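Geometric and topological summary
Listed below, chain by chain, are the residues.
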2 protein chains.
Amino acid sequence: MSATNTARTPLARQVAEDLRRRIVSGEFAPGARLPSEAEMCEHYRVSRVTVRTAAKALESQGLVDIRHGSGMYVVDLGGRIRSGLQELRSITETIEESGITAHVRRVSLTRRPALEAEASRLDIPRGSDIVIVHREIFAGDETVAISIDAMPAHLIPPAEDETLGHASVFGVLDRLGLEPVRALAEIHAVRGSDVDIADDDVSEQLLVLLDQVHFDRIGRPIAYSKTYFVEGRFQFTILRTR
Amino acid sequence: MSATNTARTPLARQVAEDLRRRIVSGEFAPGARLPSEAEMCEHYRVSRVTVRTAAKALESQGLVDIRHGSGMYVVDLGGRIRSGLQELRSITETIEESGITAHVRRVSLTRRPALEAEASRLDIPRGSDIVIVHREIFAGDETVAISIDAMPAHLIPPAEDETLGHASVFGVLDRLGLEPVRALAEIHAVRGSDVDIADDDVSEQLLVLLDQVHFDRIGRPIAYSKTYFVEGRFQFTILRTR
DNA sequence: TAGCGGCGAGTTGTAGGACAACTTTGAGCG
DNA sequence: CGCTCAAAGTTGTCCTACAACTCGCCGCTA
């Protein structure tokens, strides 16, 4: 890393991401003290302001703890995972990180007019088309989750229909210049038998529904999704901070 | 607010909290541009470093959006709530904020030796005493949630037994100098009939279980709690950010 | 010798000024 | 009317300095 800002990503963000990578990679053990701000300035060849901005970002992510007069420490939550649902990343990615090797099967991809409720959630004219991707995520032969993703059709060129849904939906959105930066999620408990897309494997189970709307940087909704996790087969966590 | 730092809370934090208060109070509408950093410096009588630190904190809380060369804007999520579970605050407080006027009833307070699993979660010697508070939160005559809080008994002087659990447990912990700054939460879907503390009102319902461990600044577990939300009666949200 | 107190080095928090990078606006021109 | 571009405004980064806090070391004392 150098002080010359070749990319358009702010320096502080670059530093934060590298620091984050080094921490989760285990270069710094939980509870360990990180190098001082002065040392990091030398290492990254940036000013103290930049280092501090990066450090503060990691702190509010709950990754490190900054103590006045003492130093910066890697947060130790007793071996429990620290990357949780409060950080926006794809569901498949989240599941992978928990150590489960998951497979994704696209059940269907549909283009059809949006219902009233769908149009209102995506803030689009009622009756305009949306793209709906129905997927199943499983580990071995067990279903871990079922997901429904919906996006305004005008955002997705038909050429993408082939690829969309076989891997992360995020990847496709990124390629189209639609970067979701925020998502608002609700959580519900539902019976598998009450979910019409559930197959036999899950209809007897309880499900945790993660009901989300994704937004881009300027606050426009670009997708919504419903992810049904089969209770007990995959456990996500939420790190709450002050 | 003044530049003289009378309290021991850092200036940047004070500014962040006041700014936050002003935003949620509606002084700045969603989508509106906030005063520039320079203007805030004058208003709060602090340096730009402090203002920026506060602003960055609010940004990573998902409350504002800072755009290089343009300004700072209140995040607009289409009227949906923005204060979610990713921020650590008491459950009662969270419920109140959603507009529901909730009442708390303490069902019981018990001191007894910790079971194996409990001791391990709280990182205390097996068999040492813990304090268990069983509470019910309701709106009108409907049960909204049932909660179980457990803390190492040696942290709670018996004199507190009277008050503990009639309001927020956080308040008591604060007074004892035990400030929880992080919590790791798991979420489960459970049947009311499978929860032994459920009364008749909820035993027929589905419940969302929020299973948490609370930590202090240096990473010691100081409490764990299980909160059972009756599905459909109170909806919490999670704001996910990148 | 054990305990206490305080000094000092190291570290994070805040201040102020300067310039770079970026966005927005609007005046001027074809 | 639409385009270019200069200028003003705003956030990003750098530098230097000092305040506030933490922690270990060392000497003093009982």
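For every chain, the first residue of the written sequence is number 1, and numbering continues from 1 onward in sequence order. Written order decides the labels, with chains lettered from A and ligands numbered from 1. Under the rules for a predicted model, residues below a pLDDT of 70 receive no local features and side-chain atom pairs below 80 are neither given nor counted, while totals for whole chains, interfaces and linings still include all residues. To obtain the side-chain values, all non-hydrogen atoms of the structure were used and water was disregarded.

**Focus: the environment of Val208(A)**
Among the structural elements, Val208(A) can be located in strand S7 (residues 206-215). Sequence separation between Val208(A) and Gly219(A) is 11 residues; the distance between their C-alpha atoms is 27 Å. With residues near it in sequence (within four places) discarded, Val208(A) still touches Ile187(A), His188(A), Thr227(A), Tyr228(A), Phe229(A), Glu231(A), Phe236(A), Ile187(B), His188(B) and Ala189(B). Strands here are runs of E lasting at least two residues and helices are runs of H or I lasting at least four, both read from the DSSP assignment and numbered beginning at the N terminus. Note on definitions: a residue-residue contact is assigned when non-hydrogen atoms from the two residues lie within 4.5 Å.

**Comments concerning the relation of the copies chain B and chain A**
Alignment of the copies relies on least squares applied to C-alpha atoms, considering only residues that score at least 70 for pLDDT in both. With an axial shift of 0.1 Å and an RMSD of 0.3 Å, the rotation relating chain B to chain A amounts to 180°. The operation mapping one copy onto its partner corresponds to a two-fold rotation axis. Considering only C-alpha atoms, the residue of chain B closest to the rotation axis is Ala189(B), which sits at 2.5 Å. Comparing interface residues between copies, 98% of those in chain B also lie at the interface in chain A; the contact surface is shared.

**Examining the protein's contact with DNA strand C**
What makes a residue near a molecule or strand is one non-hydrogen atom of that residue sitting within 4 Å of it. Near DNA strand C there are 23 residues, and of these Arg52(A), Gly69(A), Leu11(B), Ser47(B) and Thr50(B) occur at the shortest range. Within the contact set of DNA strand C, a phosphate oxygen lies 2.5 Å away from a backbone nitrogen or oxygen of Leu11(B). A distance of 3.4 Å separates a base nitrogen of DNA strand C from a polar side-chain atom of Arg48(B). For the surface near DNA strand C, the secondary-structure elements that each account for two or more residues are helix H3 (48-60), strand S1 (64-67) and strand S2 (71-74) of chain A together with helix H1 (11-24) and helix H3 (48-60) of chain B. Of the residues forming the surface near DNA strand C, the biggest block, 3 residues, is contributed by H3(B). In this count, Pro and Cys sit with the nonpolar residues alongside Ala, Val, Leu, Ile, Met, Phe, Trp and Tyr, while Asp, Glu, Lys and Arg are called charged and the others, Gly among them, polar. Split by residue class, the surface near DNA strand C holds 7 nonpolar, 10 polar and 6 charged. Each polar contact in these results corresponds to two N or O atoms within 3.5 Å; when the atoms are within protein, one needs to be able to donate a hydrogen and the other to accept it, and residues that are neighboring in sequence are counted only if both atoms are side-chain atoms.

**Digging into the pairing of strand S6 (residues 182-191) of chain A**
Counting buried residues in S6(A) gives 8 out of 10 residues, a clear majority hidden from the surface. In short, DSSP must find at least two bridges between two strands for them to pair. Bridging between S6(A) and S7(A) involves 10 bridges; their strand directions are antiparallel. From the neighbouring strand, Arg182(A) faces S7(A), where its bridge partner is Phe215(A). Note: S6(A) against strand S9 (residues 237-241) of chain B, 5 bridges, orientation antiparallel. The residue of S9(B) that forms the bridge with Glu186(A) is Thr237(B). Only protein chains enter the accessibility calculation, which uses a 1.4 Å probe; a residue whose area is less than 20% of its type maximum is buried, one above 50% is exposed, and one in between is partly exposed.

**What about the nonpolar core?**
With 34 residues, the main nonpolar core has Ile187(A), Phe229(A), Ile187(B) and Phe229(B) as its most contacted residues. Elements that contribute at least two residues to this core include exactly helix H4 (91-97), strand S5 (142-152), S6 and S7 of chain A together with helix H4 (91-97), strand S5 (142-152), strand S6 (182-191) and strand S7 (206-215) of chain B. Not counting residues up to four positions away in its chain, the partners in contact with Ile187(A) are Val208(A), Leu209(A), Leu210(A), Phe236(A), Ile187(B), Val208(B), Glu231(B), Gln235(B), Phe236(B) and Ile238(B). By nonpolar core is meant a set of buried Ala, Val, Leu, Ile, Met, Phe, Trp, Tyr and Cys residues that side-chain atoms within 4.5 Å join together.

**Some points on the confidence of the model for chain A**
All names here are of chain A. You can read pLDDT as the predictor saying how much it trusts each residue, on a scale of 0 to 100. In the predicted model, chain A carries a mean pLDDT of 88, and 95% of its residues have values of at least 70. Taken element by element, the predicted model of chain A shows its lowest mean pLDDT in helix H6 (residues 169-175) (76) and its highest in H3 (97). A low-confidence stretch, residues 1-6 stays under pLDDT 50, and its non-local contacts, those more than four residues away or across chains, total 11 contacts.

**Quick notes on the interface of chain B and chain A**
Contact with chain B, which involves 52 residues of that partner, is made by 52 residues of chain A. Defined in terms of a 1.4 Å probe, buried area is the accessible area two parts forfeit on being brought together, summed over both. Between chain B and chain A lies a buried interface of about 5,000 Å² when both sides are counted; carbon and sulfur atoms form 52% of it. If you sort the residues of chain B by the area they bury against chain A, Arg182(B), Arg240(B) and Arg242(B) come out on top, with a joint share of 19%. When a carboxyl oxygen of Asp or Glu lies within 4 Å of a side-chain nitrogen of Lys or Arg, that pair is called a salt bridge. There are 4 salt bridges connecting chain B and chain A. For Arg242(A), the salt bridge identified is with Glu179(B), shortest N-O distance 3.0 Å. Counting across the chain B and chain A interface gives 31 residue pairs in polar contact (both at pLDDT 80 or more). For the side of chain B that touches chain A, the elements supplying multiple residues, two or more each, are H3, strand S1 (64-67), helix H5 (116-122), S6, S7 and S9 of chain B.

**Quick look at the protein's contact with DNA strand D**
The local shell around DNA strand D holds 23 residues, among which Leu11(A), Ser47(A), Thr50(A), Arg48(B) and Arg52(B) are the closest. Put simply, 67% of the atoms of DNA strand D that lie within 4 Å of the protein are in sugar or phosphate. Contacts to DNA strand D include Ala12(A), whose backbone N or O atom sits 3.2 Å from a phosphate oxygen. The contact in question runs from a sugar or linking oxygen of DNA strand D to an N or O atom on the backbone of Gly69(A), over 3.2 Å. Mapped onto the surface near DNA strand D, the elements with two or more residues apiece are helix H1 (11-24) and H3 of chain A together with H3, S1 and strand S2 (71-74) of chain B. With 3 residues, the single largest contributor to the surface near DNA strand D is H3(A). The class makeup of the residues in the surface near DNA strand D is 7 nonpolar, 10 polar and 6 charged.

**Digging into the sheet that holds S6(A)**
With antiparallel pairing, 7 strands are arranged side by side in an open sheet as S3(A)-S4(A)-S5(A)-S8(A)-S7(A)-S6(A)-S9(B). Because the sheet does not close on itself, it has two edges, and the strands there are strand S3 (103-113) of chain A together with S9 of chain B. Averaged over all pairs of adjacent strands, the angle between strand axes in this sheet comes to 20°, irrespective of strand direction. Taken together, the 10 bridges between strand S4 (residues 129-139) of chain A and S5(A) define a ladder with antiparallel strand orientation. When the sheet's bridge partners are listed, Ile130(A) is paired in S5(A) with Pro152(A). Helix axes are fitted to C-alpha atoms over the stretch in contact, other axes to C-alpha atoms as well, and angles between N-to-C directions run from 0 to 180 degrees.

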